Amino acid sequence: MTDCFWSWLVRQSNRKSPLGDLARDAKSERGARCCKPHFTSPEAAESHLRLHHHACGGALRAMANAWRAYSRVANRERATHL
Ligand SMILES: [Zn+2]
């Protein structure tokens, strides 16, 4: 079964990249409480970051890239389980 975006994201937290930064924020207790319910689609995640975290362009780009990376993994996993 494919992970949800959130589970996938927190597993990226050892990366030294904007994705890793995003994952470390998400993994924190505050991130899990505040952001987890909103990270259900790229659009919902982006508007949450904008409205509640006053996210800068870099963070929003990192989030968009994270969704792209996640959908690549999710598609690959679907393909191998067919
Ligand atoms: Zn949040």
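Being a predicted model, the structure only gives us computed values, none of them experimental.

Caption draft 1: Focus on helix α2 (residues 18-27). For α2, the complete set of buried residues consists of Leu22, Ala23 and Ala26. The buried side chains of α2 occupy one side of the element, clustering within an arc of 100° when seen end-on. Those residues of α2 that are buried are in contact with α1 (5-10), α3 (29-34) and α5 (57-81).

Caption draft 2: Quick peek at the nonpolar core. Ranked by internal contacts, the top residues of the largest apolar core, which has 14 residues, are Phe5, Leu9, Leu22, Ala26, Phe39, Met63 and Ala66. Breaking this core down by element, the ones donating at least two residues are α1, α2, α4 (42-53) and α5. Residue contributions to this core peak at four residues, all from α5. Among all residues touching Phe39, those that are not within four sequence positions of it are Phe5, Trp6 and Ala45.

Cut-offs and rules
Residues numbered from 1 in each chain as written. Predicted model: local features only at pLDDT ≥ 70, side-chain atom pairs only at ≥ 80, totals over all residues. Buried ≥ 20, exposed ≤ 12 C-beta atoms within 10 Å, placed from the backbone. Helix = DSSP H or I, 4+ residues; strand = E, 2+ residues; numbered from the N terminus. Arc of directions from axis to C-beta. Contact = placed C-beta atoms within 7 Å. Core = buried A, V, L, I, M, F, W, Y, C linked by C-beta atoms within 7 Å.

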